[in-house]
Amino acid sequence: MEYLYESVQRSYEDYASGRVLYNAHGTTSFPVRLASEIAQRCFHILEQKGAGGPYSLYDPCCGGAYLLTVLGLMHGQRFSSVIGSDVNPEVLAIANKNLSLLTHQGLDHRIGQLQELFERYHKPSHQEALQSAARLKVLLDRSRLEDASCYPADITDSQSQAALNRPAGIHMVITDLPYGDIVSWHGGSGEPVREFFEQIHPMLDPGHSVVAVIADKGQKLRHDRFKRLQQFKAGKRQVAILEPV
């Protein structure tokens, strides 16, 4: 694939899972450069639609909210809210911890944890994590985020209680769909991708919204209520960027 926005290779070690961001078994990370590229392509599409931001961002398959947290840190000046949901309530504890890093209170708490670890063990990795946290704090100073939260929900189930209280007026959906290895679909739907598109459609801002879906190459990322704007491959992944119709 051609990187249009993250065109210059650079280090993304500050965002490494387990460094400052929290990590746990059963949660996944995501390539930071690819995440930022997708987000910036979405920003451009929304700007062409006349929406200048800040935007609301939703990930309905958020897992430990690694992707959401990275985007909230890198592009916090472009977002008003960052919201996640997941069918697995056990991973939301980590998601909440990661999303807390998008607030000064949460990041300061994490810095305190890292400082305590460094003073106890004097490991270079803890010192490097503290240096990363200091750089992330500078990014946070520019953020326009007012809300960073998550809740349990099955995005393929229209009858769930959570579906009745789902967010509305969403500008951007960016999500990495389950595809085997570490994470798989847990709901009861026989066609989870189709149901995913069905359920997110009414959540979107009708005139100013865009959906970026990442999946393995075996899943068909299309639906008659969405128009495909871009599609490209990145390693083992395919990425489709769509708008509601």
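Scroll up a little and you will see the structure.
Residues numbered from 1 in each chain as written. Predicted model: local features only at pLDDT ≥ 70, side-chain atom pairs only at ≥ 80, totals over all residues. Heavy atoms only, no water.

> Help me get a handle on the pattern of salt bridges, residues and values and all.
Counting across every chain of the model gives 10 salt bridges. Residue arginine 10 pairs with glutamate 6 through a salt bridge whose shortest N-O separation is 3.5 Å. Under the relative-accessibility criterion, arginine 10 is labelled partly exposed at 42%. The structure contains a network of salt bridges with shared partners spanning Glu191, Arg194 and Glu195. (Salt bridge = Lys/Arg side-chain N within 4 Å of Asp/Glu carboxyl O. Buried < 20%, exposed > 50% of the residue type's maximum accessible area, 1.4 Å probe, protein only.)

> Explain empty space enclosed by the protein to me, using residue names and the numbers behind them.
Overall, the coordinates contain 2 cavities of 30 Å³ or more when judged by the stated rule. Of the voids in this model, the second largest cavity is the one considered here, and its volume is about 40 Å³. Taken together, Ser17, Tyr22, Asn23, Thr27, Thr28, Gly64, Tyr66, Ile94 and Asn98 form the lining of the second largest cavity. Broken down by class, the residue content of the lining of the second largest cavity amounts to 3 nonpolar, 6 polar and no charged. (1 Å grid on protein atoms, 1.4 Å probe; cavity = no way out; pocket = protein on both sides within 12 Å on 5 of 7 lines; lining within 4 Å. Points joined across faces, edges and corners; volume = space filled by probe spheres on them. Nonpolar A, V, L, I, M, F, W, Y, C, P; charged D, E, K, R; others polar.)

> Give me the packing of helix 4 (residues 104-121) against helix 5 (residues 124-140): which residues, what numbers.
The angle between the axes and the distance between the axes are what describe a pair of packed helices. Running from N to C, helix 4 and helix 5 cross one another at 165 degrees; their axes reach a closest spacing of 9 Å. By the angle between their directions, the pair helix 4 and helix 5 is classed as roughly antiparallel. When the axes of helix 4 and helix 5 are compared, the crossing they make is left-handed. Where helix 4 approaches helix 5, its residues His104, Leu107, Asp108, Ile111, Leu114, Gln115, Leu117, Phe118 and Tyr121 are matched on the opposing element by His126, Gln127, Ala129, Leu130, Ala133, Leu136, Lys137 and Leu140. Looking at the contact of helix 4 with helix 5, its residues break down into 11 nonpolar, 4 polar and 2 charged. (Axes fitted to C-alpha atoms, helices over the stretch in contact; angles between N-to-C directions. Helix = DSSP H or I, 4+ residues; strand = E, 2+ residues; numbered from the N terminus. Parallel < 35°, antiparallel > 145°, perpendicular 65-115°, else oblique. Left-handed = near helix turned anticlockwise from the far one by under 90°. Contact = heavy atoms within 4.5 Å.)

> How would you explain the pairing of strand 2 (residues 79-86) if you had to name every residue and give the values?
The buried fraction of strand 2 is high, at 8 of 8 residues. Inspection of the sheet shows strand 1 (residues 55-59) paired to strand 2 by 5 bridges, in the parallel sense. Residue tyrosine 55 lies in a different strand from strand 2, and its bridge partner there is phenylalanine 79. Assessed by its sense of winding, the connection that carries the chain from strand 1 through helix 2 (residues 66-74) to strand 2 is right-handed. In this structure, strand 2 lies alongside strand 3 (residues 147-152), joined through 6 bridges in parallel fashion. (Pairing = 2+ DSSP bridges. Right-handed = clockwise from strand over helix to strand, strands pointing away.)

> So, the side chain of glutamate 243: which residues are in play, and what are the values?
With respect to the element layout, glutamate 243 can be found in strand 7 (residues 237-244). A polar atom in the side chain of glutamate 243 sits 2.5 Å from the side chain of lysine 49. (Polar contact = N/O pair within 3.5 Å; in protein donor to acceptor, adjacent residues only side chain to side chain.)

> Quick one: what's the story with unusual backbone geometry, residue by residue and with numbers?
Along the chain, glycine 53 connects to proline 54 via a cis peptide bond; the corresponding omega equals 5 degrees. Tracing the backbone through its elements, the reader meets proline 54 in the loop between helix 1 (32-48) and strand 1. Phi at alanine 65 takes a positive value of approximately 65 degrees, unusual for a residue other than glycine. Relative to the helices and strands, alanine 65 is located in the loop between strand 1 and helix 2. Its relative accessible area of 0% is what places alanine 65 among the buried residues. Not every positive phi belongs to a glycine, and histidine 122 is a case in point at roughly 55 degrees.

> I'd like a description of the packing of aromatic side chains, backed by residues and values.
How two aromatic rings sit relative to each other is set out by the distance from centre to centre and by the angle between their planes. If you walk through the whole model with that rule in mind, you get 4 aromatic pairs. Ring geometry for phenylalanine 43 and phenylalanine 79: centres 5.5 Å apart, planes at 55 degrees, overall tilted. Residue phenylalanine 43 is found in helix 1, and its partner phenylalanine 79 is found in strand 2; the two are separated by 36 residues along the sequence. Grouping residues by exposure puts phenylalanine 43 and phenylalanine 79 together as buried. Through a chain of ring-to-ring contacts, the aromatic side chains of Phe43, Tyr55 and Phe79 assemble into a single cluster. It is arginine 110 that lies over the ring of tyrosine 22; its NZ or CZ is 4.4 Å from the centre. When the ring centre of tyrosine 121 is taken as reference, the NZ or CZ atom of lysine 123 above it lies at 6.0 Å. (Phe/Tyr/Trp six-rings, centres within 6.5 Å; stacked < 30°, edge-to-face > 60°. Lys NZ or Arg CZ within 6 Å of the ring centre and 35° of its normal.)

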